[in-house]
Structures are given as C-alpha cells and as structure tokens.
Amino acid sequence: DRDEIDSSQKFLIPYLTGLGVNNQIWQYLSAMHIAKATNRTLCLVPWIRFYLSAAGRPSIDFDELFDPARIGDYARVADMTTCWTQCKSGRFNGFYSTQGPKLPCCKAGKEAIYERAFMRNTGFHHGIPKLLTELPREALNSMDGVRRLMAPADKDRCIGFLGSMFDIPPQNVLALNHLTSATSIQDAAAEATRRLFGGEYVAVHWRFEETKCREAGLYLPPDRSRPSSIKNMDQLRTTKAGYGIRGSWGDFCFFTSLKGYVVRSLTIANEQSIFDGINRVKSRHGLRHVFLSTDIDVKQAAGFLKRLRAATGVRMLSDLDASFWQQFHTIDRKQSDVMSRLEQEICIRSKSFVGTSTSSWTGSVLQGRLPSHITEALHTQRIKPENLPYYLTRKEDTYIDMEVCSGSNCELSTEPIPTP
C-alpha cells in the first residue's frame, strides 16, 4: 500500500464517536474538509446511536438522514461496502486525530464504547493506538494546512480521521450547504408543514435539559401540568455544581450558555413570559402559526402544553394524523434520530426560528438555514460554530434563548443578556 496510488483509490473514513447525531455532524463536516483538501474519497459511514441510549437501532445508514448526492457535489463519496472492500476488508493504513491520545481505543468508559460501536457498525478494524497521529486542530483551518499536515499519508490507501475543527475557513463555509436532509425527509417535512399550517410559520426549539437543573439543586414540582412559582432564588446565584443562575422566579428551569458571558448557566423563566415571547415573534413577522420541537416530557407537561396551544396556537408532529404516516411509511417513527431530523427540517423551512444557544440540535438547524442567509461576512472571515447565531440573527428572523426573558422585560432583542 506504500506504492503510488491513484487519488480515486484513496479513502478517508470518518471515525464517529457515540455522541448524539448533531455532534457527529461536526465530525462529518470536518472529514468532508479533509477529504476535499487531500482529494480523497469520503466513506459514508453510518450514524451511531448515542452511547447512553438503548432504544432504536445501533446505527442508521447515512442516506436515511442525509443526501449523499449533495455531498458528492462537494467531495467524492463512496458507500461503506465499496470502502470496506477497497480497504482490504476494513483495514486502516493510518489514523489521524485532533482530539489527542485519550481516544479512541483500549480505554475504559465511553471511549471503549465508541470503539466497539464503530467497529460493529463499519466493519473496520482497530489497531488505532499503533497508527494514531495527533494533529493540531488550528493547523487544519486552511486547505494548504491540511495538505501539508497530511502529506505523510499520501501513499496510504485508507486513513481514519477523528475530530471537529471549530474554525471553518472562509473558502469552506459553503461545505455546510452540502449536508442536507435525505429526499424522503425533505418530502415528509414539506407535506407536514402543508398539513399543519398551509403557510409560513415560526419554529421553536426548546432544550430543557432538566438533568442540569437537578444537578444544581433546582427541583421543579414533579407535576408541571400545574403553574407554579420558584421564589427566593438569589441565594442560588452560584451553585456547588458551578452553574450561574439567572432569573428570580418562574415555572421552568432551562440550561443555557450565552456566548461571551458565561460557560454554563441555568435560567428560571415563568410560563406567561414564554407565551408572550412567542406571540411577539409571531406579531413581528406577521405569522399565525407556530411549530414546536422540544425534549420536554410531553406526558408530564400535558397541562402546560394545553395552555401553550391555547395561548400561541403551537402545533407539533404529534398533531399529524395516521394518513400522513401511511403516506410516509418509510420514515421510521421508532427511531428518535430519524424523527429528530424530520423536526429539524421543518425548523429549517420556517420563516422565523427560535432556538437554544447551547444545543447542538439548534446548531444543526442553523446550519441548515445558513444557505439562505449567507452574506459577504461569511466569505471574508472565519466562522466558529458557536458564533453562527450571531450571523444568523443579523437577518432578524432568528432568535436565541428567548426563554431567558421574564415578565415585562421579555423583549425581542437578540443581544446576549449579561450574567448578574
């Protein structure tokens, strides 16, 4: 394998860890960048189930969630059968990582789980400890930097890559445009929005992440179907878990992290201000309809959702009737990642979007909305994923962390709110 190899016979295999699909997306985008810079064929490995989840299939074929033809417009691609065969029954000739030696093999805990999942779902062998070459993440931010660092692998047929580059070089911003939903999901989203709304709408994504609130000692009433108040929060401004607290009273605890101000924080918001915030976005953009995607316990929050519907007219995927699912029977409703991508596609298509800054789920929606929002700024300076909300909100149709507002102070401003 060390003889000269035609570029069409050189392959790059993304090593996906068992984090959520939305984290794996950034690993894929980074691998796309490497493959294009080195003129390698990108192997379309399957998406791997979140390592703490036991429900659903252990992996999902790439083309069940995303369109391989669209990526093929950016970099050369091949399916896993082709890659496995060309790589001599799944053998790496080299392995490169921007995440250091703490990964991916022969360790206890989740790193070992990642490796077993990768081997099981791709058929590729490990041997990574002997092959591992660490790469400085910042050196991969340009095409020239990638080619220079990857030059020692020029004669290797099959190499693995693990890592996420948080700076996207200007000439590569458009790579985001090439990771689009599978045609089946796009078709289902188009029909869902027609049935639910019949016109333009606001889409809202709420990430409650209630485990973070419990970790900080904020226990909300177990039955959130009844309005309640959390009072006397001043003494909990800083918690033993290291979270900062914003808000003085409310019905909900949110996990948020506003850019530039605080790494981790919890926000207390009251129910009425949440309703008011959504209605103000509707009014500002002249919209009547609202779509909601959330990780809230729907059964536990039944009362709240009933009041939310009455106050804002919000609708969810659960409002679609049996005829819709019969029409789109190929959509696997038992697979949470498939349903999640369908909801994301509906959010991507919305006229206005309200998201959560700390959520990679929201980040994937922002990526999907990016093509219709690109400005000269995106082409002339580096873009960090955590700064994408800033560029998007300049168009004044995207709102981040609307839940941090409270009462009469609930404004439409998209500027971050300083911590107390």
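Participant: I'd love a proper account of the state of the cysteines, names of residues and values included.
Facilitator: In the structure shown here, the tally under the stated rule is two disulfides. Shown here is the disulfide that connects Cys87 with Cys158, its sulfur atoms set 1.9 Å apart. Since a negative S-S torsion denotes a left-handed disulfide, the Cys87-Cys158 link at about -95 degrees is left-handed. Of this pair, Cys87 sits in the loop between α4 (80–86) and β6 (94–97) while Cys158 sits in strand β8 (residues 158–162), and the two are 71 residues apart along the sequence.

Participant: Please provide a residue-by-residue account of the pairing of strand β9 (residues 201–206), values included.
Facilitator: With six of six residues buried, β9 is to be regarded as a mostly interior element. Of the two faces of β9, the one lined by Tyr201, Ala203 and His205 and the one lined by Val202, Val204 and Trp206 are each fully buried. Of the pairings in the sheet, the one linking β9 to strand β13 (residues 289–294) comprises six bridges and is parallel in character. Residue pairing in the sheet places His205 in a bridge with Ser293 of β13. Where β9 meets strand β15 (residues 352–355), three bridges bridge the pair, whose relative direction is parallel. Bridging across to β15, Val204 finds its partner in Val354.

Participant: Could you give an account of the packing of helix α13 (residues 336–348) against helix α14 (residues 360–369), naming the residues involved and the relevant values?
Facilitator: Running from N to C, α13 and α14 point in directions that differ by 45 degrees, and their axes come no closer than 9 Å. By the angle between their axes, α13 is oblique relative to α14. Helix-helix and strand crossings are classified by hand; for α13 and α14 the assignment is right-handed. Contacts between α13 and α14 pair Ser340, Arg341, Glu343, Gln344, Cys347 and Ile348 from the former with Trp361, Ser364, Val365, Gly368 and Arg369 from the latter. Along the lines of polarity and charge, the residues of the contact of α13 with α14 split into four nonpolar, four polar and three charged.

Participant: Describe the sheet that holds β8, and please don't skip the residues or the numbers.
Facilitator: The pairing of strands in a sheet comes from backbone hydrogen bonds and takes either a parallel or an antiparallel form. The strand order β5-β2-β1-β8-β6-β7 describes an open sheet built from six strands, whose pairing is parallel. This sheet does not close on itself; its edge strands, each paired only once, are β5 (77–78) and β7 (132–134).

Participant: Account for the environment of Asn23, naming residues and giving values.
Facilitator: Looking at the element boundaries, Asn23 is found in helix α1 (residues 21–38). Here Asn23 falls in the partly exposed class, since its relative accessible area comes to 34%.

Participant: Give me the packing of aromatic side chains: which residues, what numbers.
Facilitator: Per the stated rule, a full pass over the model turns up 13 aromatic pairs. Ring centres of Trp47 and Phe62 lie 5.6 Å apart, and the angle between their planes is 15 degrees; on these two criteria the pair is classed as stacked. Highlighted residues: Trp47 in strand β3 (residues 47–48) and Phe62 in helix α2 (residues 62–65), separated in sequence by 15 residues. Relative accessible area serves as the criterion here: at 1%, Trp47 is assigned to the buried category. Ring geometry for Phe324 against Phe328: centres 4.9 Å apart, planes inclined by 40 degrees, an arrangement best described as tilted.

Participant: Help me get a handle on the pairing of β8, residues and values and all.
Facilitator: Counting buried positions along β8 yields five of five residues, so the element is predominantly enclosed. Here β8 shows two buried faces, one formed by Cys158, Gly160 and Leu162 and the other by Ile159 and Phe161. Sheet topology note: the strand β1 (residues 11–14)/β8 ladder contains four bridges and is parallel. Paired with Ile13 across the strands is Gly160, a residue of β8.

Participant: Break down the confidence of the model for the protein for me, citing the residues and quoting the values.
Facilitator: Mean pLDDT over the protein: 74, with 65% of residues reaching 70 or higher. Overall, residues 245–249 carries pLDDT values under 50, and its contacts beyond four positions in sequence, including any with other chains, amount to 34 contacts. Residue range residues 257–263 is modelled with pLDDT below 50. Its contacts to residues more than four positions away, or to other chains, number 20 contacts.

About the criteria used
Residues numbered from 1 in each chain as written. Predicted model: local features only at pLDDT ≥ 70, side-chain atom pairs only at ≥ 80, totals over all residues. Heavy atoms only, no water. Disulfide = S-S within 2.5 Å. Helix = DSSP H or I, 4+ residues; strand = E, 2+ residues; numbered from the N terminus. Buried < 20%, exposed > 50% of the residue type's maximum accessible area, 1.4 Å probe, protein only. Pairing = 2+ DSSP bridges. Axes fitted to C-alpha atoms, helices over the stretch in contact; angles between N-to-C directions. Parallel < 35°, antiparallel > 145°, perpendicular 65-115°, else oblique. Left-handed = near helix turned anticlockwise from the far one by under 90°. Contact = heavy atoms within 4.5 Å. Nonpolar A, V, L, I, M, F, W, Y, C, P; charged D, E, K, R; others polar. Phe/Tyr/Trp six-rings, centres within 6.5 Å; stacked < 30°, edge-to-face > 60°. pLDDT = per-residue confidence, 0-100.

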